[in-house]
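Descriptive structure summary
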Amino acid sequence: MSDMSYVRSEMLPERAPPASSVGLVGWMRANLFSGAVNSILTIASLVLIYMVLAAILPWIFSPTWNGTSQNECREIVGSGHHAACWGVINDRWEQLLFGFYPNGSEGGADQRWRPIVAFALLFVAVTPVLFSMISRRMNWVLLLAVLGLTGLYLGGAVGLILGLALLGAAAFVGFKALSTDKEARAAEIEAGAKRLPNPLIFSAIYPFIAPWLLWGGTVWLPIAAALGFVIGYYAFVFIARALGSLVGIIGAVVIAIVWWLFLTSGFANLMDSILPISLEAVESRKFGGFMLSITIGVVAIACSLPIGIVLALGRQSDLMIVKALCVGFIEFIRGVPLITLLFVASTLLNIFMPPGTNFDIILRVLIMVTLFASAYMAETIRGGLAALPRGQYEAADALGLDYWKAQRLIIMPQALKISIPGIVSNFIGVFKDTTLVSIIGLLDPLGLSNAIRADQAWNGLVWELYGFIALLFFVFCFSMSRYSMYLERRLRTDHR
């Protein structure tokens, strides 16, 4: 029998890996110092980063926040030292955010609470659309909290009582939602919290609330505009039952347009004479800063997506006239620079309107930017439609679905999922393109920065103003890109 003493009869105990192969040291050896060339490049990069930071950080962290002019900033940091003059941001940050929106400095009440409330309500309105995991109860908590804080800000006996009551209701509903156990909360989300109204109702109402808050005037005008959709819906139901769906759609659109063009103003004036509820009117020329950029960007983003879907479907339609109109519109808009369309909106569009028509400049810009974004959105969505396998269309036909049901239930959800990166890229591009309105006289952040630099106290400052503007734009655009990645992960159903 052979000698087997050299064979180990027991397993050795596990030992920790070498310290040089795990943790920070291991990661650095594997990624930064894996070879001679890699080590040299790493050291050179660190030296370059150090030199850049050594020059930038002292410039950024300068004690000039309370400076009232460029000369005072120089006195604070001393002669011969180069440092940022952040006093211009401290002095003009409200102007960069709100433009010349009334703040009470010229007499009257401070009206800047209105855009603040409008954009806070925007967050409440888009939350149930963008984040489906948030329950109905939490959406209503957000709405009650915003309204309650608004009441406290406005002050007065009525504002304080109403604000405290709304905040108390928000706290009660929120505490009840958070105090439930995980199983009960999951059951609530699954059941849809049917005891509370669907928060999408407020999302549908918000487009009529925001213009009233921003521009002011009588509350009956946005109510009359909303009634146009209600009248059009019931007209469609009545006509479709008698003459068919196509005639019903055409009749509903015609009736709604007649209401908006000829009857809305009279209805608003009549109701305002009976029950006057209004806010102080604010002219569009007082809009500016990031308030103007966000207003144009949000409207263009919200409207370009549905219009782009319709144009993409029309471009693939078998109806020759519909296809020709959609193709002509898309190719014309894509072949013209946005700045040209903005010049058309600012100078030429009034020529085609009846004499005496007061066509608001911001409304003209909103229309042109929305149409421009819609053309690019249509091509992005058409790419998603083209990427779908033919079998998806055949499956919809096999299920006996008509065209619109097939698009709504099978085709369009998959096409939009494929097109998410392109759609969000278009959204980011549209938001950044809002800076072009400064060329036609609207004071967006860039236009205001030029006006601020014309002041003798801040003449010559460039990096501070443009850096602040770039930071705010980066926050918005980076947030949209992160949401795009989140949406792609949530909609990933390929189980890879």
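This text gives an overview of the structure that appears in the document.

About the criteria used
- Residues numbered from 1 in each chain as written.
- Predicted model: local features only at pLDDT ≥ 70, side-chain atom pairs only at ≥ 80, totals over all residues.
- Heavy atoms only, no water.
- Helix = DSSP H or I, 4+ residues; strand = E, 2+ residues; numbered from the N terminus.
- Contact = heavy atoms within 4.5 Å.
- Areas by Shrake-Rupley, 256 points an atom, 1.4 Å probe, with all protein chains shown as cover.
- Axes fitted to C-alpha atoms, helices over the stretch in contact; angles between N-to-C directions.
- Parallel < 35°, antiparallel > 145°, perpendicular 65-115°, else oblique.
- Left-handed = near helix turned anticlockwise from the far one by under 90°.
- Nonpolar A, V, L, I, M, F, W, Y, C, P; charged D, E, K, R; others polar.
- Buried < 20%, exposed > 50% of the residue type's maximum accessible area, 1.4 Å probe, protein only.
- Phe/Tyr/Trp six-rings, centres within 6.5 Å; stacked < 30°, edge-to-face > 60°.
- Disulfide = S-S within 2.5 Å.
- Expected span 1.5 Å × (residues − 1).
- Arc of directions from axis to C-beta.
- Salt bridge = Lys/Arg side-chain N within 4 Å of Asp/Glu carboxyl O.
- Core = buried A, V, L, I, M, F, W, Y, C linked by side-chain atoms within 4.5 Å.
- 1 Å grid on protein atoms, 1.4 Å probe; cavity = no way out; pocket = protein on both sides within 12 Å on 5 of 7 lines; lining within 4 Å.
- Points joined across faces, edges and corners; volume = space filled by probe spheres on them.
- Domains from an automatic or database assignment.

1. A short note on the overall build of the protein chain
- For the protein chain, the count of helices and strands is 20 helices and two strands.
- Considering only intrachain contacts with a sequence separation of at least 6, the fraction spanning at least 24 residues in the protein chain is 69%.
- Per element, the accessible surface of the protein chain, about 29900 Å² overall, is 69% carbon and sulfur.

2. Re the packing of helix α4 (residues 87-98) against helix α20 (residues 463-490)
- Running from amino to carboxyl end, α4 crosses α20 at an angle of 50°, the nearest separation of the two axes being 11 Å. Regarding the angle of α4 to α20, the classification is oblique. Relative to α20, the crossing made by α4 is right-handed. Across the interface between the two elements, Val-88, Ile-89, Leu-96 and Leu-97 of α4 pack against Glu-464, Leu-465, Phe-468 and Leu-472 of α20.
- Considering only residue class, the contact of α4 with α20 consists of seven nonpolar, no polar and one charged.

3. Describing the environment of Leu-385
- Its place among the elements puts Leu-385 in helix α15 (residues 361-387).
- Distance from Leu-385 to Gln-414, taken between C-alpha atoms, is 8.1 Å for residues 29 residues apart in sequence.
- Discounting chain neighbours no more than four positions away, the residues touching Leu-385 are Ala-312, Leu-313, Gln-316, Tyr-393, Gln-407, Ile-411, Met-412 and Ala-415.

4. Concerning the environment of Phe-131
- Here Phe-131 shows up in the loop between α5 (113-130) and α6 (136-154).
- By relative accessible area, which is 26% here, Phe-131 ends up partly exposed.
- Taking the C-alpha atoms as reference, Phe-131 lies 10.0 Å from Tyr-486; in sequence the two are 355 residues apart.
- Beyond its immediate stretch of four places on either side in the chain, Phe-131 contacts Tyr-483 and Tyr-486.

5. Some details on the packing of aromatic side chains
- A full pass over the atoms with the stated rule returns 15 aromatic pairs.
- Centre to centre, the rings of Phe-202 and Tyr-206 are 6.4 Å apart; their planes meet at 55°, and the pair counts as tilted. With Phe-202 and Tyr-206 both in helix α9 (residues 200-215) and four residues apart, the pair spans about one turn of that helix.
- The class for Tyr-206 is buried, based on a relative accessible area of 9%.
- By way of ring pairs, the aromatic residues Phe-290, Phe-431, Phe-473 and Phe-476 are connected into one cluster.

6. Concerning the state of the cysteines
- Inspection of the entire model under this criterion finds one disulfide.
- Covalently, Cys-73 is tied to Cys-85 through a disulfide, its sulfur atoms 2.0 Å apart. In this structure, the disulfide formed by Cys-73 and Cys-85 twists by about 55° around the S-S bond and is classed as right-handed. Residue Cys-73 is found in helix α3 (residues 70-77), and its partner Cys-85 is found in the loop between α3 and α4; the two are separated by 12 residues along the sequence.

7. Side note on helix α13 (residues 320-334)
- In a regular helix each residue adds 1.5 Å, so 15 residues correspond to 21 Å; α13 covers 21 Å between its end C-alpha atoms and thus fits that length.
- Within the span of α13, buried status applies to Cys-326, Ile-330 and Ile-333. Viewed end-on, α13 has its buried residues packed into an arc of 75°, placing them on one side of the element. Exposed residues lying more than 90 degrees from the buried face of α13 are Met-320, Ile-321 and Phe-332.
- Buried residues in α13 make contact with α12 (289-315), α14 (338-348) and α15.

8. Looking at the pattern of salt bridges
- For the coordinates displayed, the defined rule picks out nine salt bridges.
- Between Arg-315 and Glu-331 there is a salt bridge; the shortest N-O distance is 3.0 Å. In this pair, Arg-315 sits in helix α12 while Glu-331 sits in helix α13, placing the two residues 16 residues apart along the sequence.
- Taking relative accessible area as the criterion, Arg-315 reaches 16% and is therefore assigned buried.

9. So, the side chain of Arg-364
- Within the secondary structure, Arg-364 sits in helix α15.
- Non-local contacts of Arg-364, meaning those with residues more than four positions away in its chain, are made with Ala-345, Ser-346, Leu-349, Asn-350 and Phe-359.

10. Some remarks on the nonpolar core
- Among the nonpolar cores identified, the biggest contains 47 residues, and Leu-121, Tyr-206, Phe-287, Val-365 and Val-369 are the most heavily contacted of them.
- Of all the elements in the fold, those that place two or more residues in this core are α5, α6, α9, α12, α14 and α15.
- With sequence-adjacent residues up to four places away left out, Val-365 is seen in contact with Ile-296, Leu-342, Ala-345, Val-437, Ile-440 and Leu-442.
- In terms of nonpolar packing, the next biggest core, distinct from the first, is built from 26 residues, Ile-294, Val-424, Trp-458 and Phe-473 among them.

11. Looking at the layout of surface pockets
- The volume enclosed by the second largest pocket comes to roughly 770 Å³.
- For the second largest pocket, the lining is made up of 26 residues, of which Leu-313, Gly-314, Ser-317, Tyr-403 and Trp-404 are closest to its centre.
- Those elements that place two or more of their residues in the lining of the second largest pocket are α11 (245-274), α12, α13, α16 (390-398) and α17 (403-418).
- When residues of the lining of the second largest pocket are assigned to their parent elements, the largest contribution, five residues, is made by α17.
- Shared between two domains, the lining of the second largest pocket holds at least three residues of each, these being domain 2 (94-109 + 287-496) and domain 4 (218-279).

12. Structural notes on the packing of α4 against α12
- Two elements in contact, α4 and α12, have axes whose closest approach is 2 Å; the angle formed by their N-to-C orientations is 20°. Looking at the two axes, α4 sits roughly parallel to α12. In this structure, α4 contributes Gln-95, Leu-96, Leu-97 and Phe-98 to the contact, and α12 contributes Gly-289, Phe-290 and Met-291.
- For the contact of α4 with α12, the class distribution of residues is five nonpolar, two polar and no charged.

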